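Results of the structural survey
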Amino acid sequence: MQMTNFDALKELLSTPKKIAILPHKNPDGDAIGSTLAMYHYLRKHQHTCNIVAPNDFPKFLKWLPSAKEIVIADYQPKRAEAIIHQADIIFILDFNTVTRIDDLGNWVERSKAPKVLIDHHREPDQFDFMYSDIEMPATCQMVYNFIEAMGDVDLIDDVIAPCIYTGMMTDTGGFRFRNTSSSTHRIVADLIDRGVEVDKVTSYVNDSQSEARLKLLSLTLNNLTFLPEYRTAFMFLKREDLLENGFQKGDTEGFVNYGLSVENYIFSVIFIEDTVHNFIKISLRSKGDFDVNELSRKYFNGGGHMNAAGGRSDVPMEETIQFFKSILPEYQESLLKVEI
Ligand code: 5GP
Ligand code: MN
């Protein structure tokens with residue numbers, strides 16, 4: 001855990017500032033929840049805030065308070081650049097390195113504004129103010145801790161609370177993943193007291209699925225392949241399947257987890273062809289101490305966490321899958337000894 005310079009940050013935030021708040025590319029519930037929570041919190045201190053996301057985010061997050069105010073750099077590049085350029089302070093939430101925000105990264109690097117990182121990914125770049133903790137299940141939990149450390153927990157109202165709750169719920173897989181702790185539940189208890197309507201959030205997040213998503217899920221499960229000798233399952237989606245079924249961003253979120261729902265399987269991977277560019281996005285999930293972050297860094301130009309990582313491949317699907325199978329023997333021993 002690293003928490004640096006927070007008194008100095010508190011001092012800096014004691015007068016109104018222009019603040020840019022950034023989530024990572026392909027923002028998920030934790031990225032959108034944490035940036036919106038921070039946006040609403042900082043506005044209570046009379047700061048002028050803007051959230052700038054590199055690209056669009058899924059429909060199931062659009063209901064969050066002020067989600068429609070988020071500036072999407074893909075659609076409004078000039079406005080996005082101006083916000084970063086004019087910011088007095090830049091908040092970097094739920095990602096660890098400026099390479100995760102494409103072009104915005106160059107603008108952030110060019111800006112002289114002090115930068116504040118709050119994030120739970122490994123090996124973060126160094127910024128002026130750092131709150132980094134890889135034990136945390138969600139950046140949203142860290143945003144709660146941050147607001148509490150600023151002495152402002154009572155500013156968490158029924159606008160901020162659902163933002164924080166959504167990120168905690170989605171990044172912990174519904175409070176089921178390993179880093180879900182007693183503090184997670186204590187914070188959730190407090191968020192409910194502060195106005196989270198649990199059934200509403202659950203319904204917004206889980207029951208706003210598209211028809212395309214279910215069709216794609218059925219195609220994916222149809223090619224789900226089991227490799228029992230490695231306790232590994234994998235699946236894939238091809239570009240034409242995505243296009244023919246009206247794929248939209250976010251439709252395939254969570255598919256990879258089905259591979260882990262089978263008894264004794266501890267490693268699951270999904271390969272998804274990009275619909276525009278010539279590469280394959282890979283999502284890797286594991287149980288126990290099988291480290292998919294390490295595997296993805298080594299072989300798929302990616303990274304992430306021990307049990308959830310992403311990566312990419314620049315060769316066609318068949319070759320990518322062949323390559324994936326060819327590296328499994330190296331991991332067989334560790335795969336077989338994982339206790340769950
Ligand atoms: P997903 O499979 O959902 O895209 O990503 C799972 C986790 O891995 C997320 O926490 C995400 O931040 C991280 N991740 C995904 N893609 C990459 C990547 O290309 N590089 C790194 N370092 N992390 C990634
Ligand atoms: Mn996160």
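Use the structure listed above.
These figures come from a predicted structure and were not determined experimentally. (Residues numbered from 1 in each chain as written. Chains lettered and ligands numbered in written order. Predicted model: local features only at pLDDT ≥ 70, side-chain atom pairs only at ≥ 80, totals over all residues. Heavy atoms only, no water.)

A closer look at the coordination of the manganese ion (ligand 2)
Stated precisely, the cut-off is as follows: The rule for donors is simple: an N, O or S atom within 2.8 Å of the metal counts, and for Na, K and Ca the reach is 3.2 Å. Water is not among the atoms, so a site may look short of donors. Where helices and strands are cited, they refer to DSSP runs of H or I of at least four residues and of E of at least two residues respectively, numbered from the N terminus. The classification of residues rests on relative accessible area computed with a 1.4 Å probe and restricted to protein chains. Under 20% of the type maximum is buried, over 50% is exposed, and intermediate values are partly exposed.
For the manganese ion (ligand 2), the full set of protein donor atoms is Asp30 (OD), Asp94 (OD), His120 (NE2) and Asp171 (OD), and the range of their distances to it is 2.2 to 2.4 Å. One chain supplies every donor for the manganese ion (ligand 2), spaced along it as D-x63-D-x25-H-x50-D. Of the two residues, Asp30 sits in helix H2 (residues 29–43) while His120 sits in the loop between strand E6 (115–119) and strand E7 (129–132), which places them 90 residues apart along the sequence. Side by side, Asp30 and His120 carry an identical accessibility label, which is buried.

A look at the packing of aromatic side chains
Quick note on the threshold: Between 30 and 60 degrees the pair is tilted, below 30 it is stacked and above 60 it is edge-to-face, where a pair is any two Phe, Tyr or Trp rings, Trp via its six-membered ring, whose centres lie within 6.5 Å. The rule for a charge over a ring is simple: NZ of Lys or CZ of Arg within 6 Å of the ring centre, and within 35 degrees of the ring normal.
Going through the model one piece at a time under the given rule, you end up with 16 aromatic pairs. With a centroid separation of 5.5 Å and an interplanar angle of 70°, the aromatic rings of Phe271 and Phe324 are classed as edge-to-face. Of this pair, Phe271 sits in strand E10 (residues 267–273) while Phe324 sits in helix H12 (residues 317–337), and the two are 53 residues apart along the sequence. Considered together, Phe271 and Phe324 belong to a single accessibility category, that of buried residues. An aromatic cluster is present here, built from Phe234, Phe267, Phe271, Phe290, Tyr299, Phe300, Phe323, Phe324 and Tyr331 joined pairwise through their rings. The ring of Phe57 has Lys62 lying over it, and the distance from NZ or CZ to the ring centre is 4.1 Å. Seen from the ring of Phe279, Arg312 lies directly overhead, with NZ or CZ sitting 4.1 Å from the centre.

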